[in-house]
Every structure is written in structure tokens, then in C-alpha cells.
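Now for the letters of each chain:
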Amino acid sequence: ILLEKVGITSEVQFLRIIMDGIPPLEDKHLFIKDLRFEKVKVRIYQPKIPTTSQRRGILYFHGGKPMFVHVCANLSVCVYTAVYRLAPEHPYPTQFEDCLAATIHFMRTAQDYGVDPSRIIICGDSSGGTLTAAVAQALVNRRDLPKLRAQILIYPFLQSVNFNLPSYQQNEGVPILLKQRILALGLKYLNRDLSIMEAVSKHSHIPEDLQLKYQKWVNPDYIPHEFKSRGYKPSTTHPFSEEIYTLVKPVFDTVFSPLIAEDSVIAQLPEAFILTCEFDVLRDDGLLYKKRLEDHGIKVTWCHLQEGFHGTVFLAFWGRVIAFQSGNKGLKKIVNFLRLM
């Protein structure tokens, strides 16, 4: 933010420079190939060990940097990392369209890569978790495609209705994902000016009819009491602004906020693995989505990292250098879930 204020670089560019500076993990047990699915750039990781049976396939939508290679190696699976075009150069909803196109292409050609079409899992972390949930929802009525086996959501962003849930209050200043950063990145994703950030933070962007509709899905009353023990105060209402609503109306698309999808869509979703972290503003997004899925009879495997923070699973890939115990635990839980698929 300091660099942005002095005109050197934007926060988005700075974060991208940092992430791009991390070299891709290499593994002697894998074939790694860059291809295109339709117009979407993808990187394919395939185990070198031959097998007589078809493997499971994973499409991974990265929130920051694609780092799922070791899961591939450990499980002898094919991993397909969708390298979608990034905002703000490519405006919303380009990222969703790329991920959906890559998924459909892979589902139609899975057998060409030795993958069982009935064992395809989509996965993503952070904003990649948003894309994973949105793609899963977009596919529920596609009768021309095989059904997804599962979806894996790693500390996902899932709603723009309430930025004052308990997890937002408790963790607004916890690195690396501060509440202010969530709002700023979301507005930049939509190519909107940051001057409206405070108004959105106070929920002036939500008309009363939508507030009433979404209360049945996005409601602090549905957050278990133990997650309010670190403090929570119900938010006060602020005047609605038609101007702000018009500017940010896309945040109420289910592509942007999958948590507010209709019941008819939620009821058809595949089995899910949801990972949440205690010290993460997005914790309650995951808790509320878990409840919605379970209310419709969808099987959910939930992993909550009591000492975890946003990004901890990403750090687990770097072993003893900067890994945290919570990240290692989360990664093991994901691996165990994939073994059952």
C-alpha cells in the first residue's frame, strides 16, 4: 500500500511480482507440459509411473500461485492447473469463463490423458476457491457432461453481502489478508474506484429487499457460538446508496458470491471438502457454505485449522523453510480426502 501511495507500483502488481518470483516446483516423478484447453493456458502434471487403470483428475484454480504439484506426485494423479487470465487487465468475469472453459474441455477429453471422467475433482484456494464453487454451480444442469466427483475449497471467498461477520471483526488486521485488502482487491477485480470502499464496508451497497433475501443464507446467527468467543458485535445498519449499488451490482452475481446461489443449485452440488482457518477474515464464508451444503444433504468434509491463517496451506509446500504446523495439517487432510476419490 505504501508503494502504491508513492506511485511506484500498485498493491496488485506488487503481490504478483512476489508470487511470480517463486519458481514452479519441479518433481522428477512428473511429466510437466504447458498446453491450451480451448484458449486457456494450462499446465499439466502427469505421473511418470505407468498404470493399467484410469487415474483421478484434478483441476486446480490458483488463488495466488499454482502449488499443487506435490499432491499430484504423492497420489499418482493427473493434475491440471488452470492458468486463467488475471484482473485487472482482463476484467471480471473473464477468470470464471476461463476456468469453466478449461473444466469443460478437460471433462470432454479426460480419457485422452488417462483420467476417469467420473473421478474429476476441482479445487482452489482463496479467490481460486471462489472460482471452484462458481464452476461447480455452473455445471449442475449440464446433462452433456459427466458429474464432478468433488469440489475442494481452501479458505474461499464466497460472499459480498456482509463484511462484518464475526471472522471479519476478529481478524480484520490479521496478515496476510486484512479486511481492507479484501475490499480493495474485490473493487479492483471489478475495476471500480477505491473511494467507495468505506461505503461497501458499511453495507450501503445492499438494497433492503436483497438484505432480507440473503439473510437466510448470510447471517451471523448461523455461525456457531464458539466462533464468536474472541468477540463479536452485531453491525449497525447504514443508509442504502443507489449509486454505490449500481457501481458494484456484479458482486451479487453468484459467480462473484457463490454463497448466495439459489437452493435449487446448491441441492445439486457434488461432495465438498472445505478448509477454514481460525485467523482468517474468510473463515465464516466457509462455515456458512458448509451449512448451506449440509442443509441440502450434500456431504461435506470440513477441516478447521485452529491455529491457521490465510495462506498457511500455500506455505506448507515449502517444507521446513517457512511452513507452519497448521498448513502441514491442512495439506495432509486434503491428501487424505483425495485418496478416497
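Our subject is the structure listed above.
Residues numbered from 1 in each chain as written. Predicted model: local features only at pLDDT ≥ 70, side-chain atom pairs only at ≥ 80, totals over all residues. Heavy atoms only, no water.

**Student:** Would you take a moment to explain helix α12 (residues 283–295) for this structure?
**Tutor:** Its 13 residues give α12 an end-to-end C-alpha distance of 19 Å, which sits within 8% of 18 Å, the value for a rise of 1.5 Å per residue. With ten of its 13 residues buried, α12 lies for the most part within the structure. For α12, the elements touching its buried residues are α5 (127–138), β6 (150–154), α6 (166–171), α11 (263–266), β7 (271–279) and β8 (300–309). The first or second residue beyond α12 is Gly297, which carries a positive phi of 80°. (Helix = DSSP H or I, 4+ residues; strand = E, 2+ residues; numbered from the N terminus. Expected span 1.5 Å × (residues − 1). Buried < 20%, exposed > 50% of the residue type's maximum accessible area, 1.4 Å probe, protein only. Contact = heavy atoms within 4.5 Å.)

**Student:** Looking at this structure, how should I read the pattern of salt bridges?
**Tutor:** A side chain of one charge can pair with a side chain of the opposite charge if their charged atoms are brought near each other. By the definition in use, this model includes twelve salt bridges. Among the salt bridges present, the one from Glu198 reaches Lys202, with a minimum N-O distance of 2.9 Å. For Glu198, a relative accessible area of 54% translates into the label exposed. The class for Lys202 is partly exposed, based on a relative accessible area of 36%. The network of salt bridges with common partners includes Arg230, Glu278, Arg283 and Asp284. (Salt bridge = Lys/Arg side-chain N within 4 Å of Asp/Glu carboxyl O.)

**Student:** Just checking my understanding: could you explain the packing of aromatic side chains for this structure?
**Tutor:** Each aromatic ring pair is summarised here by two numbers: the centre-to-centre distance and the angle between the ring planes. All chains considered together, the criterion is met by 14 aromatic pairs. Measuring from ring centre to ring centre gives 6.2 Å for Phe37 and Phe106, while their planes differ by 10°; the resulting arrangement is stacked. One end of the pair, Phe37, is in strand β1 (residues 30–37); the other, Phe106, is in helix α4 (residues 94–109), and 69 residues separate them in sequence. Assigned by exposure class, Phe37 and Phe106 land together as buried. Ring geometry for Tyr214 versus Phe252: centroids 6.1 Å apart, planes at 20°, classification stacked. With Tyr214 in helix α9 (residues 208–214) and Phe252 in the loop between α10 (242–248) and α11, this residue pair connects regions lying 38 residues apart in the sequence. When its relative accessible area of 6% is taken as the criterion, Tyr214 is described as buried. Grouped by ring-pair contacts, the aromatic residues Tyr214, Trp217, Phe240, Tyr245 and Phe252 constitute a single cluster. Residue placement shows Lys48 over the ring face of Phe31; its charged tip is 5.5 Å from the ring centre. (Phe/Tyr/Trp six-rings, centres within 6.5 Å; stacked < 30°, edge-to-face > 60°. Lys NZ or Arg CZ within 6 Å of the ring centre and 35° of its normal.)

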